[in-house]
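The chain contents come next:
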Amino acid sequence: MVSAYGGDAYRLLTELANVLETSVAYVDRLTVEAHLERPLSDTEWSVISRQFTALAFDEHIGDVGTVRTDWIDDMVIRAGIPGRGRGDRSLGQPRRR
């Protein structure tokens, strides 16, 4: 199906969502790299992308006080990849005293 849309998965998903009258959460490598503020190796992306199951976003819908991509931090932590994940002290986040 993606091929029928010239490789444009975003367009395919948005048109499908319109037909189904539903909402779709779409996360790709560029979104995760922008969130982490760094490029990912192919190995890192392979590990992280396995965390993005069809319903991975569901548990985060309706969370109060989070921004749209905060849930990516949880996926990065589950994948064991260094990034901006909550509690990742390697990134110079301030320690609580």
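Anything mentioned here points back to the structure above.
**Student:** How would you explain the pattern of salt bridges if you had to name every residue and give the values?
**Tutor:** Enumeration according to the criterion identifies four salt bridges in this entry. For Glu15, the salt bridge goes to Arg11, with nearest N and O atoms at 3.2 Å. Here Arg11 and Glu15 lie together in helix H1 (residues 9-20), a separation of four residues that amounts to about one turn. Since its relative accessible area comes to 34%, Glu15 is described here as partly exposed. In this structure, Arg29 and Glu33 form a salt bridge, with 3.3 Å as the shortest nitrogen-oxygen distance. Here Arg29 pairs with Glu33, and both are found in helix H2 (residues 29-36), just four residues apart, close to one helical turn. Ionic contacts of the salt-bridge type, sharing partners, join the residues Arg29, Glu33 and Asp42 into one network.

**Student:** Mind laying out a nonpolar patch on the surface, listing which residues take part and the relevant values?
**Tutor:** There is a patch of nonpolar side chains on the surface, built from Tyr10, Val24 and Tyr26 and spanning about 290 Å² of accessible area. Inspection of the secondary structure assignment puts Val24 in the loop between H1 and H2. Classification of Val24 as partly exposed rests on a relative accessible area of 40%.

**Student:** An account of the nonpolar core is needed here, citing residue identities and associated values.
**Tutor:** Proteins that are soluble and globular tend to have nonpolar side chains buried together. Among the nonpolar cores identified, the biggest contains twelve residues, and these are Val32, Leu36, Leu40, Trp45, Ile48, Phe52, Trp71, Ile72, Met75, Val76, Ala79 and Ile81. Among the secondary structure elements, those contributing two or more residues to this core are H2, helix H3 (42-49) and helix H4 (70-79). Of all the elements, H4 adds the most residues to this core, at five residues. When near neighbours in sequence (up to four residues on either side) are disregarded, Leu40 contacts Arg29, Val32, Glu33, Trp45 and Ile48.

**Student:** Let's hear about unusual backbone geometry: which residues, and what values?
**Tutor:** For residues other than glycine, phi is negative in most cases, and the peptide bonds are mostly trans. Despite not being glycine, Glu21 shows a phi value in the positive range, around 55°. Tracing the backbone shows Glu21 in the loop between H1 and H2. On the accessibility criterion, Glu21 (75% relative accessible area) is exposed. The backbone of Glu37 shows a phi angle near 60°, a positive value even though the residue is not glycine. For Glu37, a relative accessible area of 65% gives the class exposed.

**Student:** I'd like a rundown of H1, residues and numbers included.
**Tutor:** One full turn of an α-helix is made of 3.6 residues, so residues set three or four places apart face in the same direction. Look at H1: 16 Å from first C-alpha to last across twelve residues, which is about the 16 Å you get at 1.5 Å a residue. Within H1, the full set of buried residues consists of Ala9, Leu12 and Ala17. Along H1, the residues classed as buried sweep out an arc of 130° about the axis, all on the same side. Facing away from the buried surface of H1 by more than 90 degrees, the exposed residues are Tyr10, Asn18 and Val19. Glu21 sits one or two residues past H1 and shows a positive phi near 55°.

Criteria and cut-off values
Residues numbered from 1 in each chain as written. Predicted model: local features only at pLDDT ≥ 70, side-chain atom pairs only at ≥ 80, totals over all residues. Heavy atoms only, no water. Salt bridge = Lys/Arg side-chain N within 4 Å of Asp/Glu carboxyl O. Helix = DSSP H or I, 4+ residues; strand = E, 2+ residues; numbered from the N terminus. Buried < 20%, exposed > 50% of the residue type's maximum accessible area, 1.4 Å probe, protein only. Patch = residues over 30% accessible without salt bridge, like charges linked within 9 Å, V, L, I, M, F, W, Y side chains within 5 Å. Areas by Shrake-Rupley, 256 points an atom, 1.4 Å probe, with all protein chains shown as cover. Core = buried A, V, L, I, M, F, W, Y, C linked by side-chain atoms within 4.5 Å. Contact = heavy atoms within 4.5 Å. Expected span 1.5 Å × (residues − 1). Arc of directions from axis to C-beta.

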